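Report on the structure
Here's the letter readout for the chains.
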Amino acid sequence: MREAVANYLRMEDLQKFDQDFYHSGFNIDGQDNYTYDASGQHYQNDGCGTPLPEEYMHSEMTYTGQILQATKHVGSTYTGTDTFDDEPPLLEELGINFENIWQKTLTVLNPFKPADGRIMNETDLTGPVVFCVALGATLLLAGKAHFGYVYGISALGCLGMYTLLNLMSVTEVSYGCVASVLGYCLLPMVSLSSFAVFFSLQGILGTIFALVIILWCSVSASKILICTLAMEGQQLLIAYPCALLYGVFALLTVF
């Protein structure tokens, strides 16, 4: 008899504990599916005892094959149609534009062609890196392993020209722009080093050819720089230090 009374009291305590356990905002089986919070806002239960806001009452459940997602139609503008076709090309994200590279190369190859300051003002190091590697490779074919000299002289020359141009011009120029222009104008020097693979340049003809290439590189570089920085009438002042820089590369090629 005592055990039955004790079991009965224990059951009543458990039921009271269950009633006290649930929050006032939760729904217990047998209650209405609609509840109200302290502010009087209307809620609906989701069947698990969790109150849902009224704005989710009219949402549609869409099965995507993996998970169930509630699609809201209240002020939603996302269509979910983004594809990889809308992504920009990888070369464009990397800053590689073959059209600009081709236009800069043509400008260097033709010293008398007017330079486009808008294109030349872009920091593009793809062409200069390729031309530096080509110069080092052709020197290596001629039996001269001067990769370190090519990179070192290029870095120091670009730094010197960057300092000089910022002192001379009103418009501030970036180091990348100077390196891009001087690197593209290194293309004629690659032709000189390619010629040195098959013929010796230590003679009168070789010296004249080297002087022509130096003049070609310096005129192209100075033309592009004065067009980019709007320094009309100062081409000779810019061409002189450029000639000194490309003269060092010519010495590496000839000797």
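Before any of the text, the structure's been laid out above.
Described below are features of the structure shown in this document. (Residues numbered from 1 in each chain as written. Predicted model: local features only at pLDDT ≥ 70, side-chain atom pairs only at ≥ 80, totals over all residues. Heavy atoms only, no water.)

What follows is about the overall build of the protein chain. Secondary structure summary: the protein chain contains ten helices and five strands in total. Out of the 255 residues belonging to the protein chain, those deemed buried represent 33%. Long-range contacts, defined here as pairs at least 24 residues apart, represent 58% of the contacts in the protein chain between residues at least 6 apart. Surface exposure of the protein chain reaches about 16,800 Å², of which carbon and sulfur atoms provide 63%. (Helix = DSSP H or I, 4+ residues; strand = E, 2+ residues; numbered from the N terminus. Buried < 20%, exposed > 50% of the residue type's maximum accessible area, 1.4 Å probe, protein only. Contact = heavy atoms within 4.5 Å. Areas by Shrake-Rupley, 256 points an atom, 1.4 Å probe, with all protein chains shown as cover.)

Tracing the chain through its elements places Ile-214 in helix 9 (residues 204-229). Residue classification places Ile-214 among the buried positions, given a relative accessible area of 15%. Sequence-wise, Ile-214 and Leu-192 are 22 residues apart; in three dimensions their C-alpha atoms are separated by 9.7 Å. In contact with Ile-214, not counting residues within four places along its chain, are Met-189, Ala-243, Tyr-246, Gly-247 and Ala-250.

The next subject is the environment of Val-190. Looking at the secondary structure, you find Val-190 in helix 8 (residues 187-198). By relative accessible area, which is 10% here, Val-190 ends up buried. Expressed as a C-alpha distance, the spacing of Val-190 and Ala-137, which sit 53 residues apart in the sequence, is 9.4 Å. Look past the residues within four positions of Val-190 in its chain and what remains in contact with it is Phe-131, Ala-134 and Leu-135.

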